[in-house]
Amino acid sequence: MTSAGSRRTIPWRKFAGTSVRTLLAIVVAHLVLVGLFAATYAVPDAPIIRHVTADLAAGRLADTYPDNPLGGRLDGYTQCLSTTSGVLPTTSGIPLPARVTMVPRGPGDCSELPGYFGRLADGGPFAHPDRGDAFGYIRYWSGFSIVSRPLLALGGIRAAQTGSAILLVGALALLAHGTRRRAGTPAAVALVGAYALTSNVTTTPLAYTMAVSESVALAGAALVLLVPRRWTLPAAAVAASAFVFVDLLTVPGTSWALTVFAVALRAWSTWAAGPRTTRPARPALLAAAGGAVAWGAGYGVSWALRWVYATAYVGIQGVVDDVLTTARFRIDGDTTFTGKPVELSTVPLGSLGKNLGYWAMTVGLWAAVVLVLALAVVVWRRRTTVVAGVAARGGWPAVAALAAPALLVVIWYEFLRNHSQIHAFFTHRSLGAATAICVAALVIGWAGAPRPARSLREDAGTRDASTPDGAAAHP
């Protein structure tokens, strides 16, 4: 018989093991991403310069903030800026470590690109028009170049947009597959369908860096759903590490909320496949809390490494100054170092209100349609599952626990108040993720779901004699 003292040591052993695996996963993921980033510089700059110059001549990069077909505007600024990321004239002697660490780049204003790429085509000089030097922007990894550099070299902006669209569709399909595996087809349709309809994500390939960020956020959540159970929290950390590597602070709330929802869903599926001796809310909420911490660790460590590497070129004080001034600006709107006034609402939930207003203006109708359809599905499935003798999987406690990760979007908005308000034209998409999580939670927890497949019962350490070995119970 196991003593009470030995029982108390088991959670600490599990905690230590999970912590070690999570740290190892963050380190390995970071090394892989940096390696891939460095490998992209094997792509020559000449074809990128040639194709982007042709795109500029054809007017494909003429507008810094073009209209979004679904309402609002697109972030052409970041797209234009991304075409210059790491692109150097043939006469440049910047070594590879400096290119990977500092990511030299040009202007984001699309009107400045013709002159900039003209200078690059002529062999230089390489200089940012505002700063006068190749280095200085150390806030992001700009890992989207892993996708964009090869595509820009192959076919310019159209190739980058097409490739990012394919990547986005693949990520949506992967998330649907993972959700179906853990909670059935209705849950997968609810999550992915609601997200596609209420987030404006379908137009992000028109500003392809946004599509890359969205794709990695979706794929990260799918990874959590598909890995073995003991690697759930390390996978959440990897999802955050990969996201911060490719993202330019566009929709971190989406990645955080979807990843934590996936962790909670894993806990719910284990509960649903087992004897269900506890209430569903407790394991789901505990798992969500662990997932939130793991995601934060992966995000924070990977971003901090960006600044650590930069100290070799701008010094420790240079990094500290940049981090502090940027943090004050992004959080509370301090414009001392910019000299530009910013209208910032400091009332509680002011950032949420700004994003809700923009979201309602662009996809509010679709959101209402999705919610009505979700309620209809819930009522229909509630009736059919009762008739079939299948109990609902947790009821309202499960709904509340699975929907809780949606609050992380609000937390992110309020933490980065200034950034979430001045960039509401793209940060509002995280509300689509929050909506999708709530809709999926409603379908899963209240409407009931088919008994999980054999792989899930094994994951929970249980066996259902009513289902033969090898027979999947999913429809």
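**Considerations on the overall build of the chain**
A tally of regular secondary structure across the chain gives 18 helices and zero strands. Counting only residues that meet the buried cut, the chain has 53% of its 475 residues in that class. Sequence-distant contacts, at least 24 apart, represent 80% of the contacts inside the chain between residues at least 6 apart.

**Some points on a nonpolar patch on the surface**
Taken together, the side chains of L24, V28, V32, L36 and W231 make up a nonpolar region of the molecular surface, amounting to roughly 420 Å² of accessible area. With respect to the secondary-structure elements, L24 resides in helix α1 (residues 4–40). For L24, a relative accessible area of 47% puts it in the partly exposed group.

**Looking at helix α7 (residues 185–198)**
For α7, spanning 14 residues, the distance from its first C-alpha to its last is 19 Å, which sits close to the expected 20 Å at 1.5 Å a residue. Every buried residue belonging to α7 is among A187, A188, A190, L191, V192, A194, Y195 and T198, and all of these are buried. Buried residues of α7, seen end-on, are gathered within an arc of 165° and therefore sit on one face of the element.

**Section: the pattern of salt bridges**
When their charged atoms lie close together, side chains carrying opposite charge are able to pair. With the rule as written, the count across this model stands at four salt bridges. Taking the shortest distance from any N to any O, the salt bridge between R149 and D45 comes out at 2.8 Å. Of this pair, R149 sits in helix α6 (residues 145–183) while D45 sits in helix α2 (residues 45–57), placing them 104 residues apart in sequence. The exposure class of D45 is buried, given its relative accessible area of 13%. Here R429 makes a salt bridge to E214, at a shortest N to O gap of 2.8 Å. Taken together, the positions of R429 in the loop between α16 (424–427) and α17 (430–445) and E214 in helix α8 (residues 208–226) put the pair 215 residues apart, joining distant regions of the chain.

**Focus: the state of the cysteines**
All chains considered together, the criterion is met by one disulfide. Covalently, C80 is tied to C110 through a disulfide, its sulfur atoms 1.9 Å apart. An S-S torsion of about 95° defines the bridge between C80 and C110 as right-handed. On the criterion of sequence distance, the pair formed by C80 in helix α3 (residues 76–82) and C110 in the loop between α4 (96–102) and α5 (113–121) is long-range, its members being 30 residues apart. Accessibility classification places C80 together with C110 in one group, the buried group.

**A closer look at the confidence of the model for the chain**
Averaged over every residue, the pLDDT of the chain is 81; the share at 70 or more is 79%. The low-confidence segment residues 335–339, where pLDDT is below 50, has six contacts with residues more than four positions distant or belonging to other chains.

**As for helix α9 (residues 232–246)**
For α9, with 15 residues, the first-to-last C-alpha span of 22 Å sits near the 21 Å given by 1.5 Å per residue. Among the 15 residues of α9, 13 are classified as buried, and the element is accordingly described as predominantly covered.

**Regarding unusual backbone geometry**
Excluding glycine, residues mostly have negative phi values, and the peptide bonds linking residues are mostly trans. Of note in the backbone geometry, S142 takes a positive phi value of approximately 60° without being a glycine. Note on placement: S142 falls in the loop between α5 and α6. At N200, a position not held by glycine, the phi torsion is positive, near 65°. By secondary structure assignment, the location of N200 is in the loop between α7 and α8.

**Some points on the environment of P114**
As for its placement among the helices and strands, P114 is situated in helix α5. By relative accessible area, which is 46% here, P114 ends up partly exposed. Separated by 62 residues in the primary sequence, P114 and V52 have C-alpha atoms spaced 9.1 Å apart.

**Examining the nonpolar core**
Note that soluble globular proteins tend to have their nonpolar side chains buried in a common cluster. Formed by 86 residues in total, the largest nonpolar core has its most connected members in L175, L191, L218, F261, W268, Y299 and I444. Ranked by residues supplied to this core, first place goes to helix α10 (residues 252–273) with 13 residues. Counting 20 residues, the second-largest nonpolar core is a separate cluster that includes V43, F117, L120 and A159.

**Examining the environment of A188**
Relative to the helices and strands, A188 resides in helix α7. Residue classification places A188 among the buried positions, given a relative accessible area of 6%. In the structure, A188 is positioned 10 residues away from G178 in sequence and 8.0 Å away in space, judged by C-alpha atoms. Excluding residues that lie within four positions of it along the chain, A188 makes contacts with A176, T179, R180 and G193.

**Looking at the packing of aromatic side chains**
The final tally for this structure, using the stated rule, is 16 aromatic pairs. An angle of 90° between the planes, with centres 5.7 Å apart, marks the rings of Y65 and F425 as edge-to-face. Here the residue Y65 occupies a position in the loop between α2 and α3, and F425 occupies one in helix α16, the gap between them amounting to 360 residues. Its relative accessible area of 34% is what places Y65 among the partly exposed residues. A network of ring pairs unites the aromatic residues Y140, W256, W295, Y299, W303, W307 and W412 as a single cluster. Its guanidinium or amino end placed over the ring of W231, R21 lies 5.8 Å from that ring's centre, counting from NZ or CZ. In this arrangement the basic side chain of R73 is found over the ring face of F425, its NZ or CZ atom lying 4.0 Å from the centre.

What counts, and where the lines are drawn
Note that residues are indexed from 1 along each chain, following the sequence as it is written. Only residues with pLDDT of 70 or above have their local features reported here, since the model is predicted, and side-chain atom pairs are shown and tallied only from 80 upward, although totals for entire chains, interfaces and linings are computed over all residues. Values shown for side chains rest on all heavy atoms present in the structure; no hydrogens or waters enter the calculation. A run of DSSP states H or I qualifies as a helix once it reaches four residues; a run of E qualifies as a strand once it reaches two. Both are numbered from the N-terminal end. Three exposure classes are used, based on accessible area relative to the maximum for each residue type with a 1.4 Å probe and protein chains only: buried under 20%, partly exposed in between, and exposed over 50%. Here, two residues are considered to be in contact whenever any of their heavy atoms come within 4.5 Å of each other. Patch rule: a residue counts if its relative accessible area is over 30% and it has no salt bridge; like charges are joined within 9 Å, and nonpolar side chains (Val, Leu, Ile, Met, Phe, Trp, Tyr) within 5 Å. Residue burial considers only the protein chains on display, and all accessible areas are found by Shrake-Rupley using a 1.4 Å probe. Within this document, salt bridges are pairs made up of a side-chain nitrogen of Lys or Arg and a carboxyl oxygen of Asp or Glu, the two lying within 4 Å of each other. Expected span of a helix: the number of residues minus one, times 1.5 Å. The arc in question is traced by the directions running from the helix axis to the C-beta atoms. Disulfide assignment relies on a single distance test, namely cysteine sulfur atoms paired within 2.5 Å. Note: pLDDT gives the predictor's confidence per residue, expressed from 0 to 100. The set of buried Ala, Val, Leu, Ile, Met, Phe, Trp, Tyr and Cys residues whose side-chain atoms join them within 4.5 Å is what this entry labels a nonpolar core. Classification of ring pairs rests on two measures: the distance between centres of Phe, Tyr or Trp rings, Trp counted by its six-membered ring, which must be within 6.5 Å, and the angle between planes, read as stacked under 30 degrees, edge-to-face over 60 and tilted in between. We count a charge as sitting over a ring when the NZ of a lysine or the CZ of an arginine lies within 6 Å of the ring centre and within 35 degrees of the ring normal.

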